[in-house]
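In case you want the letters, here they are:
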Amino acid sequence: MLSFVARRLFSALLTIALSSVLIFLALQALPGDVASQILGRDATPEAVATLREQLDLDQPAWQRYLEWVGGAVTGDLGTSLASGEPVATEVGLHLRNTLLIAVVTILVAVTLSVVLGVLAGLYRDRWPDTLISGLSLVGMSVPEFVVATLLVLALSITVPVLPAVVLDGPSASIGELLPAVWLPAAALGVAMTAYIVRMARTSVIDVMAGEFVTTATLKGLGRWRVVTRHALPSALLPTLNVIAMNVAWLVGGVVVVENVFNYPGVGSLMLQAVHNRDLPMLQAIALISAAVYVLCNLAADLGAMALNPRLRTREQVGTR
Amino acid sequence: MRHASTSVRPPGGISRRSLLAGGLGALGATWLAAGCSSSGPASRDLPVEAASGDPASGGVLRIARPPASDAETLDPASALSAYEYLGAVYNRLTRIGEDGSVVADLAESWEPSPDGTRWTFALRRDVTFHDGRPFTSADARYTLRHLLDPDVASPQAGVLAPMLDPSGIHTPDPHTLVVELTRPNAEFPSLLTSYNCYVIPDGSAEPGGPRIGDTGIGTGPFRLESFTPAGRGRVVANPEHWQGRPVLDEIEFYAIPDTQARSNALLAGQVHLLSQTNLDFATARVINASERATIARSVNSQWYGLPMLCTAEPFTDPAVRQAMKLAYDPRAVLDVALQGAGVIGNDNPVPPEEPYWTDYRVERDPEHARFLLRRAGLEDLRLDLYTSAYDPVFTPMALAFRDSVREAGITLDVRTAAAESYFSQIWMQKPLMATYWYTGRPIEQLLNQIFRGGSSYNETAWADDRFDGLLDEARGEMDADRRRMLYQDAQRYVVDHGGSITPMFADRLVGLSRDVLNYREYGFEFDYLNIGLRR
């Protein structure tokens, strides 16, 4: 079991290291010069030359990569080309804001969707299943920015109970941001719930048709006990991976939703960084997104191991 | 140069974003229009004038704006200045009046020497900066020198430096500024109306101390209270302002890069005014139909153009440029792209508001265009025309233009480029594309900055010695009537020979709350003194 954990940890670290190289190379290949991009239409040759000098853009790429990785390991992600502030501080601040949305979304959406998915699976092809599956299909098909617009229309414009956009900057306190969290969280939740509901439903149906469930039922166990003790742990296994991927998507892929709500999170920071060709900022966000993906998968694998008796047992046999 | 979201933006800001937002806007429009139809039929006619009247004294106005960049600054000379703050906290020596003429701001009057090389400005004596220091000629001199400083890389330096040396600025007494030009310029005071030329205190941009980019200390109607680059900020009324106290108590500025998010903030009543935002027609109708907000038009404030790069094939041939201009129907482009909210441009980049404007135009003649192309050996000419989601008018304009020139046998393929890098990858690089500028540049600045050979903003790369000679002659002519004729000759020359196709000038569709009174904006002038909120 220990060696399994060690192997997973090692491959996780390797993945992060490889992605750091890929991220750096990809960003080097981006078209457009940072200085002229920042200046836009005011990029006169003199202005560009002045800015390039200020930004030290004339070092070779490999040297900048080594410096970047060296800094990243010690928590120094460089300085933003656009604002001149340390990247780590800015990303940290925006990451905190995104995590606020993420936590709310995950707590509400994951709980809700697992319950709905299991219900749908248990009441397969009866009306609760039809209703839940139908709604989740709709939620899955409608893009999140449309959901976001509908929510703004309903809850900010028609009945103004929640703010349509966040007017505060990234350094706003959690208390100031809290009223603004609900609409983005709801918009993200709808998309996320749909996937988890579908997955939970499918695996509950699969597991309930399994021989060990039949055996348990034949042993004379009550239906509730069969579901909670025998079926659910196995059914949640594949769901766990979907949840992990969704959590990762939440941190990396909230760009559109954050943009619609002007929410000062990582997503809007990334858009702004792309817009400004702010390479250090983009690199840091890409690296952090990669790390979140890897960590979520790692957590899902380890969680799966904890839930999967076969995996656990085989490893125990192996270590003896 | 100032355009809707310099980043943008920001906001600004934008390819996928705007595409999404664009689709979203139309989508929201349909739903909202349906939702609002009960409260009265949504009018297709958008109002022109903003509501005026007797506003409440005081109040807080909230303005949403596209941020220029994360590196925004309050230094007016900088290319990355936070535009909305400038007019609130600073004054210039001169500004543009409503009739397009140059009028007094911090300079009370000005007088040229007979040959136009020496300008004497009499400065106001009753003006103090927000920190209590009196405004003197030393501040005016410092402002000009700061603009000319190569390290500042001010966009206006390219306009001023060819005629002005830092050593040529003198202060014979605290209320007189004398500017010695290296060549005559009869229109020099008009060049100081640029939004880069706001007056800053003597020594305020030197390294080591508090910098003007953060402090925002000016002589304007509002004092800076807080400012965050690409974030929120606040200015409060300056009771000691030399023109009197402004109506409002405070203005709050919020940076919202996404156009759709800005519109939502207005519809939800979170902000009162969308700055530097030309709304698309669908969104404008939605806003106009809502109970909280409405639309005002900033008349002819956007100059839309299709620059032909004169250094690229086939536009190196003047006959081809002429054919392109003869081939299209400006009325059709205006009707399709602006739905009538603007005027025809006659391929003359000078807007009708400019006092020296000429109504010279060449009638459309697709047959002659076809003939010119045939003679140039370019029958069945096929070209790419680039556009982007950077501005809502670009693509409709490009498509209408494409349809219109078909009659002359010209085939255009409209290509949509990423809005994010439109002005760094497409502009001045592709032979044919869509652009726009804010109008409001005085003619001397406009023609020299965008049409003189070698200027860094010359988007058609047109270099014509005869035209440049005309400009030199015009700026050196001290007789006003003769100067007008020379500037009009220059306009005719651009229409006949230049690379700019100017189908139209458009009204900017500005979203604002129904509570806002006396909103007034033209060119780069915004009336911060009188704008107020309903009682």
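All residue numbers refer to position in the chain's written sequence, counted from 1. Both sets of labels track the order of writing: A upward for chains, 1 upward for ligands. Where local features are concerned, this predicted model is filtered to residues with pLDDT of at least 70; where side-chain atom pairs are given and counted, the filter is 80 or more; whole-chain, interface and lining totals use all residues.

1. A closer look at the overall build of chain B
How we decide: The helix and strand labels rest on DSSP assignments: H or I over at least four residues marks a helix, E over at least two residues marks a strand, and numbering proceeds from the N terminus. Only the C-alpha atoms count toward the radius of gyration. The rule for a globule is 2.2 Å times the residue count to the power 0.38. Once C-beta atoms are placed from the backbone, each residue is buried if 20 or more other C-beta atoms lie within 10 Å of its own, exposed if 12 or fewer, and partly exposed for counts between those two.
From N to C terminus, chain B includes 16 helices and 21 strands. The C-alpha radius of gyration computed for chain B amounts to 23 Å, which stays within 12% of the reference 24 Å derived for 535 residues, consistent with globular compactness. With respect to the principal axes defined by its C-alpha atoms, chain B has extents near 70 × 65 × 40 Å. Split into buried and exposed, the 535 residues of chain B put 59% on the buried side.

2. Thoughts on the overall build of chain A
The criterion, for reference: The contact criterion used is a C-beta to C-beta distance within 7 Å, with each C-beta placed from the backbone.
Along its length, chain A carries 14 helices and zero strands. Taken from N to C terminus, the helices and strands of chain A fall in the order α-α-α-α-α-α-α-α-α-α-α-α-α-α. In chain A, which comprises 320 residues, the share counted as buried stands at 43%. Taking the contacts inside chain A whose residues are at least 6 apart along the sequence as the reference set, 74% of them involve residues at least 24 apart.

3. With respect to the sheet that holds strand 5 (residues 118-123) of chain B
Residue and element names in this part refer to chain B. Here is the rule: Whether two strands pair depends on DSSP finding at least two bridges between them. Only C-alpha atoms enter the line fits that serve as axes; for helices the fit covers just the stretch in contact. Angles between N-to-C directions range over 0 to 180 degrees.
The antiparallel open sheet is built from four strands, whose spatial order is 4-5-7-6. In this open sheet, the two edge strands, each paired with only one partner strand, are strand 4 (107-112) and strand 6 (164-173). Across the sheet, the mean angle from the axis of one strand to that of its neighbour is 20°, orientation sign disregarded. The sheet contacts of helix 3 (residues 137-148) involve strand 5, strand 6 and strand 7 (176-181), and relative to strand 6 the element is tilted by about 175°.

4. What about the nonpolar core?
Worth spelling out the cut-off: A set of buried residues drawn from Ala, Val, Leu, Ile, Met, Phe, Trp, Tyr and Cys, joined through C-beta atoms within 7 Å, is what defines a nonpolar core.
Among the nonpolar cores identified, the biggest contains 175 residues, and A:F261 and A:I285 are the most heavily contacted of them. If one sorts the elements of this core by residue count, helix 8 (residues 174-208) of chain A sits on top with 17 residues. Setting aside residues up to four positions removed in sequence, A:F261 forms contacts with A:A148, A:V165, A:V166, A:A180, A:L183, A:P184 and B:A261. Among the nonpolar cores identified, the runner-up in size contains 69 residues, and B:V320, B:W427, B:I443 and B:I450 belong to it.

5. Details of the pairing of strand 6 of chain B
The pairing of strand 6 of chain B with strand 7 of chain B spans four bridges and is antiparallel. Along strand 7 of chain B, the bridge assignment pairs B:L164 with B:L181.

6. Digging into helix 15 (residues 465-476) of chain B
Residue and element names in this part refer to chain B. How we decide: One less than the number of residues in a helix, times 1.5 Å, gives the span that helix is expected to have. The arc refers to the directions leading from the helix axis to the C-beta atoms.
Look at helix 15: 16 Å from first C-alpha to last across 12 residues, which is about the 16 Å you get at 1.5 Å a residue. Among all positions in helix 15, only F467, L470, L471, A474 and R475 are buried. Each buried residue of helix 15 sits inside an arc of 125° when the element is viewed along its axis, so together they form one side. Seen from the open side of helix 15, the exposed residues pointing more than 90 degrees away from its buried face are D465, R466 and G469.

7. Digging into the environment of A:S289
Its place among the elements puts A:S289 in helix 13 (residues 279-307). Sequence separation of A:S289 and A:L250 is 39 residues, and the distance between their C-alpha atoms is 9.9 Å.

8. Let's talk about the packing of helix 7 (residues 144-158) of chain A against helix 8 of chain A
Residues and elements named next belong to chain A. In plain terms, the rule: In what follows, roughly perpendicular refers to angles from 65 to 115 degrees, roughly parallel to angles under 35, roughly antiparallel to angles over 145, and oblique to any angle outside these ranges. Helix crossings are classified by the rotation of the near helix relative to the far one: an anticlockwise turn of less than a right angle makes the crossing left-handed, while a clockwise turn makes it right-handed. Under this grouping Gly is polar, as are all residues other than the nonpolar Ala, Val, Leu, Ile, Met, Phe, Trp, Tyr, Cys and Pro and the charged Asp, Glu, Lys and Arg.
Where helix 7 meets helix 8, the closest approach of the two axes is 9 Å, and the angle between their N-to-C directions is 140°. When the interaxial angle is binned, helix 7 and helix 8 end up oblique. For the pair helix 7 and helix 8, the crossing hand works out as right-handed. Along the contact surface, helix 7 presents E144, V147, A148, L151, V152 and L155, while helix 8 presents L183, A186, A187, L188, V190 and A191. The residue makeup of the contact of helix 7 with helix 8, split by class, is 11 nonpolar, no polar and one charged.

9. Considerations on the confidence of the model for chain B
Residues and elements named next belong to chain B. So the rule is basically this: You can read pLDDT as the predictor saying how much it trusts each residue, on a scale of 0 to 100.
For chain B, the mean per-residue pLDDT works out to 88, and 92% of the residues sit at or above 70. Across chain B, element-level confidence peaks in strand 5 with a mean pLDDT of 97 and bottoms out in helix 1 (residues 15-36) with 37. Segment residues 1-44 is flagged for pLDDT under 50; beyond a separation of four residues in sequence, or across chains, it makes 118 contacts in the model.

10. Comments concerning the packing of helix 5 (residues 87-122) of chain A against helix 13 of chain A
Residue and element names in this part refer to chain A. Direction vectors running N to C along helix 5 and helix 13 enclose 50°, while the axes themselves pass 10 Å from each other. Accordingly, the angle class assigned to the pair helix 5 and helix 13 is oblique. You can see that helix 5 and helix 13 cross each other, and the crossing is right-handed. For the pair helix 5 and helix 13, the contacting residues are V87, V91 and L95 in the first and P280, M281, A284, I285 and I288 in the second. Residue composition of the contact of helix 5 with helix 13, grouped by class: eight nonpolar, no polar and no charged.

11. With respect to the confidence of the model for chain A
Residue and element names in this part refer to chain A. In this model, chain A carries a mean pLDDT of 81, and residues with pLDDT of at least 70 account for 90%. Taken element by element, the predicted model of chain A shows its lowest mean pLDDT in helix 14 (residues 309-319) (55) and its highest in helix 7 (87). Note that pLDDT drops below 50 for residues 315-320; the model gives that stretch five contacts with residues more than four away or on any other chain.

12. Here's the deal with the pairing of strand 4 of chain B
Residue and element names in this part refer to chain B. In this structure, strand 4 lies alongside strand 5, joined through five bridges in antiparallel fashion. Each bridged residue has a counterpart across the sheet, and for W110 the counterpart in strand 5 is F121. What sits between the antiparallel neighbours strand 4 and strand 5 is a turn of five residues, in which G116 has the positive phi angle 75°.

13. Focus: helix 7 (residues 259-267) of chain B
Summarising burial for helix 7 of chain B: nine of the nine residues are buried, a large majority. Of the residues flanking the end of helix 7 of chain B, it is B:G269, one or two places downstream, whose phi is positive at about 80°.

14. Some details on unusual backbone geometry
Residues and elements named next belong to chain B. In this structure, the amide linkage connecting E313 to the following residue, P314, adopts the cis form with an omega of -5°. Looking at the element boundaries, P314 is found in the loop between strand 12 (293-307) and helix 9 (318-327). The backbone phi angle of A230 is positive, close to 55°, even though this residue is not glycine. You can see A230 is positioned in the loop between strand 8 (222-227) and strand 9 (233-237). Judged by local crowding, A230 falls into the buried class, with 26 C-beta atoms found within 10 Å. The phi angle at A461 is positive, at roughly 55°, despite the residue not being glycine. Secondary-structure assignment places A461 in the loop between helix 14 (443-450) and helix 15.

15. Side note on the environment of B:A79
Along the chain, B:A79 falls in the loop between strand 1 (60-65) and helix 2 (83-89). Along the backbone, B:A79 and B:Q156 are 77 residues apart, and their C-alpha atoms lie at a distance of 8.9 Å.

16. Digging into the environment of B:E250
Residues and elements named next belong to chain B. Relative to the elements of secondary structure, E250 occurs in strand 10 (residues 250-255). For the pair E250 and G454, spaced 204 residues apart in sequence, the C-alpha separation works out to 44 Å. E250 has contacts with V60, R234, V235, V236 and A237, leaving out every residue within four places of it along the chain.

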